[in-house]
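Each chain is listed here by its residues.
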Amino acid sequence: MDRVSAFDEPLKKLLGGATAKVMAEHLDLHTVGDLLHHYPRRYEERGRLTALTDLPLDEHVTVVAQVADARVMAFNNGRGKRLEVTLTDGHGRLQLVFFGHGVHKPHKELLPGRRAMFAGKVSVFNRKMQLAHPTYQLLDAESTDEAGATEAVDAFAGKLLPIYPACKQLDSWRIAKAVDAVLPSAQEAVDPLPPALREGRGFTALPEALLKIHRPQTKADVAAARDRLKWDEAFVLQVALARRRYADTQLPAVARRPVPGGLLDAFDARLPFTLTDGQLKVTKEIFDDLAAEHPMHRLLQGEVGSGKTMVALRAMLTVVDAGGQAAMLAPTEVLAQQHHRSITEMMGELAEGGMLGGSERGTKVVLLTGSMGMAARRQALLDLVTGEAGIVIGTHALIEDKVKFHELGLVVVDEQHRFGVEQRDALRSKGKQPPHLLVMTATPIPRTVAMTVFGDLETSVLDQLPAGRSPIASHVVPAKDKPHFLSRAWERVREEVENGHQAYVVCPRIGDDEDEAAKKKGKKDAGEEADKRPPLAVLDIAEQLAKGPLSGLRVEVLHGRMHPDDKDDVMRRFAAGQADVLVATTVIEVGVNVPNATAMVIMDADRFGVSQLHQLRGRVGRGSAPGLCLLVSEAHEASPSRARLSAVASTLDGFELSRIDLEERREGDVLGQAQSGVRSSLRVLSVIDDEEVIAAAREEAVTVVAADPDLEHLPELRLVLDALLDKEREEYLDKG
């Protein structure tokens, strides 16, 4: 059998149809290679009992423990039988329960003192952790089924016991048996690491690493195997990204160089402030990219309020000066309108090209959103196709087929994580030649994530706040433990308003009929969750505040289900100071800029993620007066959600918070659905903990690709890369 086909062999040939079907449907494992890359989550030592004290609720677990006692109880007037078994590990206890006909076998086998592996879903009954009807495998030789138990002991005697990521339909030990069946194929593994790299770093050979990760004799085996397999993942991924970046340098693009005496110079002359050193440094990186004859692919990350929009606008003006058009893609209508308003205000008469009172050096800045009236939309489309409009700001309405550009030179994507790669790609394809691409995000991205998820983009970071931005004080308000703290919060809002300022109140939910229906459905779905209080809602809270603690103040509401004109109207009035308090959902999370707003109260703050809270908080303290952010929570003082809120309150450093966020969510969420190709290829590599591995792999990958872009001299690496980059993943990287 050749080297590839051993790994491509369908599992049903070796394991039988039923097992293969469960593996395919529930674990996404289809081939021998898939199963060999399904690594143990952890290992049990035969002499050591599992800690039962910190089992995760609602998760499928495998534990190794000892039976403390077992007793059969009657219920339903003696008509039903229930077997209750208590397990111990010397630290904690766990209840097992079996019902009906299922009690006979475990009653005979699970005698006090016996040790076994148990697998099932952790639930709570009468305030005790329990596994209902778990499957189990005895690990001592005194069971009634002597041969079976001896075999189980022999299989694991003296070794570390691998515990695999499992599912309800397939226990860890059944997966272990299936791995035994395919393990001989590990000898056929194609090694992607170039021999010089492998020897230089002293790595174990790949077949040996696979053997050691599945059937280690010692902890050192596990460590050596993980080190090797992490490198494979990091290196293959970084080679894919390096080849993507290399291919981009081979694409043609129109170089857009600054033109002396053009729009940019006229705009700079109008600025009432000087740019920060950070803005100048990032601008130079962007201008250097724009001047090249291949497309820019740059990610601009900047803290909330660090002046990203200013940097992006100067790049857009440079492109307009050089005969191109620039399009800015925003995730929501509120944000598109806000950007349009702030950019036209910053540009003044320069944004009125060809209009009465406009500057002769000016250009038109048009807005294009889905809810615009037909006449305005028709005019905007006309301005784009004739080239009259140098700058367009819009939502995904920009992507529609009807939208044609005269000469698209630059695409700026705001809040990248809200757009699928397809949307970005659709806009980029509207240029005669590939336009330059600038992707912006105010969500700080740890370096490792930038190197993996956005690894085909060069990265610029704006970490300096412009002069005049005020500090923001943040505090947690424990509404349940100390209700008087909440009363004080509303007094603080009133004080801010009396001092001539404004405030936001943010709620997780809207609270109208449609919302109610969704809530009821959610209740049914959630089962046990049903008795939890639903999240606080904008419409309810606004009414309570207007009648109660904030009576007499001008309270307005803003949420995503309002008509776009009404949303814009509310934002305009709030920005003009005609409303004191804006009660809103997270529609205000990005881009909303009202310098006079100094206070924010976030209700049910524990229902928001760390990065989201940081984003929301960035809406206050944008003027000269200091900002105040109050995080209202009913969570218990010792709970993880309160710890998270305290972390947000204790620092304004977005990168520090993004790290906390990442550790909490792990990389599954961070890499997101659009990056599924990359995510599913990460098995042992942690985007959180393996920064050094990723950075070193990136360096090696760049060297390899620079010397041999088509990998002609590295056929094994090519083979593994082709397997990783099946169609879906190839498309993801292509569109990145």
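For the structure itself, consult the block above.
The model shown is predicted, which means the values in this text are computed figures rather than measured ones.

Chemist: Give me the overall build of the chain: which residues, what numbers.
Modeler: Scanning the chain for helices and strands turns up 28 helices and 21 strands. Counting only residues that meet the buried cut, the chain has 54% of its 736 residues in that class. Relative to all contacts within the chain whose residues are 6 or more apart in sequence, the contacts with residues 24 or more apart total 74%. Total accessible area computed for the chain in this model is approximately 32,700 Å², and 52% of it derives from carbon and sulfur atoms.

Chemist: Describe the packing of helix H13 (residues 308–321) against helix H14 (residues 333–347), naming the residues involved and giving the relevant values.
Modeler: Running from amino to carboxyl end, H13 crosses H14 at an angle of 65 degrees, the nearest separation of the two axes being 12 Å. The orientation of H13 relative to H14 falls into the category roughly perpendicular. When the axes of H13 and H14 are compared, the crossing they make is right-handed. Together, Thr309, Met310, Leu313, Met316 and Leu317 of H13 and His339, Ile343, Met346 and Met347 of H14 make up the contact between the two elements. The residue makeup of the contact of H13 with H14, split by class, is seven nonpolar, two polar and no charged.

Chemist: Tell me about the sheet that holds strand S20 (residues 597–602), and name the residues and values.
Modeler: Judged by pairing direction, the sheet is parallel, and its six strands sit side by side in the order S16-S21-S20-S17-S19-S18 without closing on themselves. Of all strands in the sheet, those bounded by a partner on one side alone are strand S16 (472–478) and strand S18 (555–558). Averaged over neighbouring strand pairs, the angle between their axes works out to 20 degrees when direction is ignored. Sheet strands touched by helix H22 (residues 610–617): S16, strand S17 (502–506), S20 and strand S21 (627–633). Its angle to S20, the strand with the most contacts, is close to 150 degrees.

Chemist: So what's going on with the sheet that holds strand S10 (residues 325–329)? Residues and values would help.
Modeler: Backbone hydrogen bonds hold the strands of a sheet together, and the pairing may be parallel or antiparallel. Judged by pairing direction, the sheet is parallel, and its seven strands sit side by side in the order S11-S12-S10-S13-S14-S9-S15 without closing on themselves. The open sheet is flanked by strand S11 (364–368) and strand S15 (458–462), the only strands paired with a single partner. Adjacent strand axes in the sheet meet at a mean angle of 20 degrees when their direction is disregarded. Sheet topology places S10 next to strand S12 (residues 389–394); four bridges connect them, and they run parallel. Bridge pairing in S12 links Ala326 to Ile391. Strand contacts of H13: strand S9 (297–302), S10, S12, strand S13 (408–414), strand S14 (436–441) and S15, with the helix running at about 170 degrees to S13, the strand carrying the most contacts. The strands that helix H15 (residues 374–386) touches are S10, S11 and S12; relative to S11, the one it contacts most, it runs at about 130 degrees.

Chemist: Any details on the packing of aromatic side chains? Residues and values, ideally.
Modeler: All chains considered together, the criterion is met by six aromatic pairs. Arranged with centres 5.7 Å apart and planes meeting at 50 degrees, the rings of Phe203 and Trp231 form a pair that is tilted. Here Phe203, found in the loop between helix H8 (195–200) and helix H9 (206–214), pairs with Trp231, found in helix H10 (residues 219–249); they are 28 residues apart in sequence, far enough to count as distant. On the basis of an interplanar angle of 55 degrees and a centroid distance of 5.2 Å, the ring pair of Tyr504 and Phe574 is categorised as tilted. One end of the pair, Tyr504, is in strand S17; the other, Phe574, is in helix H21 (residues 564–575), and 70 residues separate them in sequence. Among the residues examined, Tyr504 registers a relative accessible area of 0% and is labelled buried.

Chemist: Please give an account of the pattern of salt bridges that cites residues and values.
Modeler: Under the counting rule described, the total for this entry stands at 35 salt bridges. Between Lys212 and Glu208 there is a salt bridge, and its shortest N-O distance comes to 2.9 Å. With Lys212 and Glu208 both in helix H9 and four residues apart, the pair spans about one turn of that helix. The salt bridge involving Glu491 is made with Arg488; its shortest N-O contact spans 3.2 Å. Here Arg488 and Glu491 lie together in helix H18 (residues 483–498), a separation of three residues that amounts to about one turn. For Glu491, a relative accessible area of 43% corresponds to the partly exposed category.

Chemist: How would you summarise helix H26 (residues 691–707) if you had to cite specific residues and measurements?
Modeler: In this model, H26 (17 residues) spans 25 Å end to end at C-alpha, consistent with the 24 Å of a helix rising 1.5 Å per residue. Those residues of H26 not exposed but buried are Val693, Ile694, Ala695, Ala696, Ala697, Arg698, Ala701, Val704 and Val705.

Chemist: Before we move on, could you go through the nonpolar core and cite the residues and values that matter?
Modeler: By size, the foremost hydrophobic cluster in this structure holds 39 residues, and its most contacted members are Ile286, Met316, Met347, Ile391, Leu410 and Leu438. Top element by residues in this core is H13. It accounts for nine residues. What Leu438 contacts, discounting residues up to four positions off in sequence, is Ile286, Met296, Arg298, Leu300, Ala312, Leu410, Val411, Val412 and Val413. Among the nonpolar cores identified, the runner-up in size contains 33 residues, and Leu35, Leu36, Tyr164 and Ala186 belong to it.

Chemist: With reference to specific residues and values, describe the environment of Val320.
Modeler: Here Val320 is to be found in helix H13. Between the alpha carbons of Val320 and Leu410 there is a distance of 9.2 Å; along the sequence they are 90 residues apart. If we skip the residues at most four places from it in the chain, Val320 touches Leu263, Thr363, Gly390 and Ile391.

Parameters and conventions
Residues numbered from 1 in each chain as written. Predicted model: local features only at pLDDT ≥ 70, side-chain atom pairs only at ≥ 80, totals over all residues. Heavy atoms only, no water. Helix = DSSP H or I, 4+ residues; strand = E, 2+ residues; numbered from the N terminus. Buried < 20%, exposed > 50% of the residue type's maximum accessible area, 1.4 Å probe, protein only. Contact = heavy atoms within 4.5 Å. Areas by Shrake-Rupley, 256 points an atom, 1.4 Å probe, with all protein chains shown as cover. Axes fitted to C-alpha atoms, helices over the stretch in contact; angles between N-to-C directions. Parallel < 35°, antiparallel > 145°, perpendicular 65-115°, else oblique. Left-handed = near helix turned anticlockwise from the far one by under 90°. Nonpolar A, V, L, I, M, F, W, Y, C, P; charged D, E, K, R; others polar. Pairing = 2+ DSSP bridges. Phe/Tyr/Trp six-rings, centres within 6.5 Å; stacked < 30°, edge-to-face > 60°. Salt bridge = Lys/Arg side-chain N within 4 Å of Asp/Glu carboxyl O. Expected span 1.5 Å × (residues − 1). Core = buried A, V, L, I, M, F, W, Y, C linked by side-chain atoms within 4.5 Å.

Shape descriptors only; they carry no functional weight alone.
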